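Letter by letter, the chains look like this.
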Amino acid sequence: MNLNELKSKANICIAMHRAVSSEVVELTSTLETLLEKQKTIKDSILLGKACSKKSIFLADYLAKLNTEALSNLLNQSYEFIYEKVMEKDHVKGLTPKLKAPGGEFDSIASFGDAVFQTCSLITAATLLLFSQSTTSLLLVCDEPFSNINSALSKRAWEYLSSLSEEGNIQMIVITHMSMDCPTKYLVSKSDSGTSSIKKAL
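Each value, and the rule that gives it
Residues numbered from 1 in each chain as written. Predicted model: local features only at pLDDT ≥ 70, side-chain atom pairs only at ≥ 80, totals over all residues. Heavy atoms only, no water. Core = buried A, V, L, I, M, F, W, Y, C linked by side-chain atoms within 4.5 Å. Buried < 20%, exposed > 50% of the residue type's maximum accessible area, 1.4 Å probe, protein only. Helix = DSSP H or I, 4+ residues; strand = E, 2+ residues; numbered from the N terminus. Contact = heavy atoms within 4.5 Å. Polar contact = N/O pair within 3.5 Å; in protein donor to acceptor, adjacent residues only side chain to side chain. Pairing = 2+ DSSP bridges. Patch = residues over 30% accessible without salt bridge, like charges linked within 9 Å, V, L, I, M, F, W, Y side chains within 5 Å. Areas by Shrake-Rupley, 256 points an atom, 1.4 Å probe, with all protein chains shown as cover. Salt bridge = Lys/Arg side-chain N within 4 Å of Asp/Glu carboxyl O.

### What to know about the nonpolar core
For step 1, the next point in the chain: The biggest cluster of nonpolar side chains holds 32 residues, and the ones touching the most others in it are Leu70, Phe80, Leu98, Val115, Leu139, Phe145 and Met171.
For step 2, the next point in the chain: For this core, the secondary-structure elements that each account for two or more residues are α1 (3-74), β1 (79-87), α2 (113-130), β4 (137-142), α3 (150-167) and β5 (169-174).
For step 3, the next point in the chain: If you tally residues by element for this core, the top one is α1, at 7 residues.
For step 4, the next point in the chain: When residues no more than four places from it in sequence are discounted, the contact partners of leucine 139 are Ala124, Ala125, Leu128, Ile169, Gln170, Met171 and Ile172.

### Thoughts on the environment of threonine 40
For step 1, the next point in the chain: Mapped onto the elements, threonine 40 comes out in helix α1.
For step 2, the next point in the chain: On the basis of relative accessible area, threonine 40 is assigned to the partly exposed category, the value being 46%.
For step 3, the next point in the chain: Of the polar contacts made by the side chain of threonine 40, one reaches the backbone oxygen of glutamate 36; its length is 2.9 Å.

### Some words on the sheet that holds strand β2 (residues 90-99)
For step 1, the next point in the chain: Pairing is antiparallel in the open sheet, where 3 strands are placed in the order β1-β2-β3. The sheet is open, and its two edges are formed by β1 and β3 (106-107), each paired on a single side.

### Details of a nonpolar patch on the surface
For step 1, the next point in the chain: The grouping of Leu138, Val140, Ile172 and Ile174 at the surface amounts to a nonpolar patch, some 330 Å² of accessible area in total.
For step 2, the next point in the chain: Counting only elements with at least two residues in the nonpolar patch, the list comes to β4 and β5.
For step 3, the next point in the chain: If you trace the backbone, leucine 138 turns up in strand β4.

### Some words on the pairing of β1
For step 1, the next point in the chain: Bridging between β1 and β2 involves 9 bridges; their strand directions are antiparallel. Following the sheet pairing, tyrosine 82 is matched in β2 by proline 96.
For step 2, the next point in the chain: Following β1, the chain reverses through 2 residues before pairing antiparallel with β2; lysine 88 in that reversal takes a positive phi of roughly 60 degrees.

Next comes the structure, spelled out in structure tokens:
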């Protein structure tokens, strides 16, 4: 084999080595990317499980608050729960349910508007307490007691007022009912359709 043939074969070997090296670098980069994505997926799964556990804990706490509030407001031993909706081995969602004394757990809506509205108000107020906002908390209620009798609405308002004071929540209540509020504004509409607001004396 002459010198030129040796040089030619050497060049071929060098070219093949470079090609293989380039492929190895590319495969290594791809493998590192896949491993990084796998770590991200594992971290996301762990975070999801942690958030799910925290949500269930908060839901259990919120259920206890609803149970206590309903029992006090309605003078009956109601029991409020968030029933877990399962998909395979994880919790897909939570369904609020209620049980009256001697009864079975059922949808809250089946207990009537008064119970449903009371639960909604309590849930809204307590979720604000959980928000840990650095700014002021505001709860706006539009006709919150429209389907509740006067005795129950008075107790519900007292309960919400106590939550408002304890959690430093400012509340704006829009209602046609007479309520014992620290500040009241009267809204009236003229025949032409324009509205006016003035502070009640």
